[in-house]
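Reading the structure
What follows is the residue order along each chain.
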Amino acid sequence: MLRYLAQGGEVGRCILAQDWRASPLGPPDHWPAQLHDTLRITLHSEFPHIVYWGETLCTFWNDAARHFFEGQHPRALGRPLAEVQPDVMRTLHPLLLQVLETGRAVLQSDIELLYRRADYTEEIHEVFSYSPLFDPEGRVRGIIAPIFDATTRVLGARRMAMLADLAASTRGARKLSQHYEALTACLARHARDLPLCALYVPDGETLPTRWLLQAGHAADAGSGDGVEFPSSLPPHTGEPQSITPAHALTLAVRGAPRLQVLAAAQALPPQTGRAAHFRQVAVVPIPEPHADRPPCWLLVALNPHKRFDADYENFLTLVATQISQGLAETSSLERAAERALAEISQRARLTTLGELATSIAHEINQPLTAMVLDANACARWLAMQPADIGEATSAARRIAASGEYAGQVLARIRGFLQRTPSTHERVDITQVAWDSLRLVAAQARRFRITLRVRMAPALPTVHADRTQLQQVLINLLVNAVDALKDLPEDHPRDLHLHITARDGGRRLRVAVADSGGGIAPERRERMFDAFQSSKPDGLGFGLAIARSIVEAHGGRIQVDASDSGGALFWFELPGEETR
């Protein structure tokens, strides 16, 4: 009667060899004939089967289903399910009870279970059918379950969905800051396979020492047991017994870039509570398109319910490759945008310079004319008998002063036009204001515009690019002149420049107001967008460039209505110190 067990593979031989005296079922020769018939079918099947028998659901499996019971095989053969796999009781017991009570089969697809293994609990996805086993009286005595392991397919689909989400969510980024923000959100949405992540980037040309993002969490919300990767990776100087997680990670990213797996205890701070279930951390290099630059590194606390196998490694490699491609594309777009902005800025400078041509010619003509007059006067003083050396010396000094002033005007124009990298220094805003006013003063006089200047005493300096600040101020002044020059003769033509300190000198405000027709409230928000201009022949670049310059200096720029009904443009910058 029991010969089928000897021929039923390893599981059958284990059943024969096992001591069943303490089992609820008793010795095999006392088992019901129906249980033997069921086992005879399942043990000789090449397809995975599980058999549950009796009210306690004594559990049997065949050779093809052994991997579902890794850690329990063979010692738990024939034991109640609550002893064999207590972790799945909450999910499976109601389904099994339903079959026992109703006698109707149950079908489940891709159900997720956590199977207890020898050293951890594994995430498994199954497709199975629970079919009742009836005795001759029509009572359900047990359940037979053909079962299919869908874990590889489910995880593959889940990971492919993550890669698709990663590509889609970062595709629209035009700046690296936007890319990092989208990347963080995407990684947090896929915490099943990437429970905790950190992206470390090179600090200059050295090893990756700082992280730009952390995504995911290690514990249930509100538990207070969350863990994080170290915020920086210092150079390793400790002895082996004093190596911290940060030092261990530093060692891992030294040498040739390659994927490495560390024990969680090496790479993470001490874990407590629910966070303590992390077992491994993967250190994944992010491919760098430029071979002369050190790579970035993605640190991932691995899913504690899956072993790190070839599929998991391939998935992390694909994630790293996609992050690399996304960062490279976004970096390229950001650089292209910077070049385009620089080109637009250059064209805006040329446009502004064209509008200021009359004023520049006047500024250059004044010192040149003075030099000619003083040179003729000097010659006359020297030709006199006797020569008037005192007057000639004074004339020569005036020539030198006029030449120096002309050189300063030319230097300002050259710096305004040159496409040189931004140079930040301590800048006296009052000097920038006076230099800018000199460039528009002649045009203001030509159109009979009154310039009214008010500067608070003891203004703070600013850390800025002098030429760029002058470009902003000139643009605002020229716009004000354009708003006033065509007004009726009887209309006031006042241009006000006010510079004040705020918040105890921590902020510096520069305001340019005019008495023109003003700007409609619905247009004010769009005035700083590219291609928005209040001039019929304007290109709409000037204010957009002004905003980018002010914001790059940590400030802000706005437009309001002036007290006289015209436009009031103002910008604020962080102050450094009181002069």
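What comes next concerns the included structure. (Residues numbered from 1 in each chain as written. Predicted model: local features only at pLDDT ≥ 70, side-chain atom pairs only at ≥ 80, totals over all residues. Heavy atoms only, no water.)

**Examining the overall build of the protein**
Helices and strands together make up the secondary structure of the protein, namely 16 helices and 17 strands. Counting only residues that meet the buried cut, the protein has 45% of its 579 residues in that class. For the protein, the computed accessible surface area is about 28,700 Å², with 53% contributed by carbon and sulfur atoms. (Helix = DSSP H or I, 4+ residues; strand = E, 2+ residues; numbered from the N terminus. Buried < 20%, exposed > 50% of the residue type's maximum accessible area, 1.4 Å probe, protein only. Areas by Shrake-Rupley, 256 points an atom, 1.4 Å probe, with all protein chains shown as cover.)

**A word on the sheet that holds strand 2 (residues 58-61)**
Across a sheet, paired strands are connected by hydrogen bonds in the backbone, their directions being either parallel or antiparallel. As summarised here, the arrangement of the five strands in space is 2-1-5-4-3, forming an open sheet in which the pairing is antiparallel. The open sheet has two free edges, formed respectively by strand 2 and strand 3 (106-116), since each of these has just one partner strand. In this sheet, adjacent strand axes meet at a mean angle of 30 degrees when their direction is disregarded. Pairing geometry for strand 1 (residues 49-53) and strand 5 (residues 140-149), over five bridges, is antiparallel. Bridging from a neighbouring strand, I50 pairs with A145 of strand 5. Helix 3 (residues 33-43) contacts strand 1, strand 2, strand 4 (121-134) and strand 5 of the sheet and is inclined by roughly 170 degrees relative to strand 1. (Pairing = 2+ DSSP bridges. Axes fitted to C-alpha atoms, helices over the stretch in contact; angles between N-to-C directions. Contact = heavy atoms within 4.5 Å.)

**Some words on helix 5 (residues 89-102)**
End to end, helix 5 covers 19 Å across 14 residues, agreeing with the expected 20 Å (1.5 Å per residue, within 8%). Those residues of helix 5 that sit buried are M89, L92, L95, L96 and V99. All buried residues of helix 5 project into a common sector of 155 degrees when viewed along the axis, lining one side. The outward face of helix 5, more than 90 degrees from its buried face, is lined by the exposed residues R90 and E101. Buried residues belonging to helix 5 abut strand 1, helix 4 (81-84), strand 3, strand 4 and strand 5. (Expected span 1.5 Å × (residues − 1). Arc of directions from axis to C-beta.)

**Some remarks on the packing of aromatic side chains**
By the definition in use, this model includes 10 aromatic pairs. Pairing F69 with Y115 gives two aromatic rings, centres 6.3 Å apart and planes at 85 degrees, and the pair type is edge-to-face. Residue F69 is located in the loop between strand 2 and helix 4, and its partner Y115 is located in strand 3; the two are separated by 46 residues in the primary sequence. Here Y115 falls in the buried class, since its relative accessible area comes to 2%. Grouped by ring-pair contacts, the aromatic residues W61, F68, F69 and Y115 constitute a single cluster. Note that R40 overlies the ring of Y4, its terminal NZ or CZ placed 4.6 Å from the centroid. (Phe/Tyr/Trp six-rings, centres within 6.5 Å; stacked < 30°, edge-to-face > 60°. Lys NZ or Arg CZ within 6 Å of the ring centre and 35° of its normal.)

**Thoughts on the pattern of salt bridges**
Two side chains carrying opposite charge are able to pair once their charged atoms lie near each other. With the rule as written, the count across this model stands at 26 salt bridges. A salt bridge links R426 to E576, with the nearest nitrogen and oxygen atoms 3.1 Å apart. With R426 in strand 11 (residues 425-427) and E576 in the segment after strand 17 (567-574), this pair connects stretches of sequence that are 150 residues apart. The exposed category is assigned to R426, whose relative accessible area is 53%. By sharing partners, the salt bridges in this structure join E112, E123, R158, R159, R192 and D193 into a single network. (Salt bridge = Lys/Arg side-chain N within 4 Å of Asp/Glu carboxyl O.)

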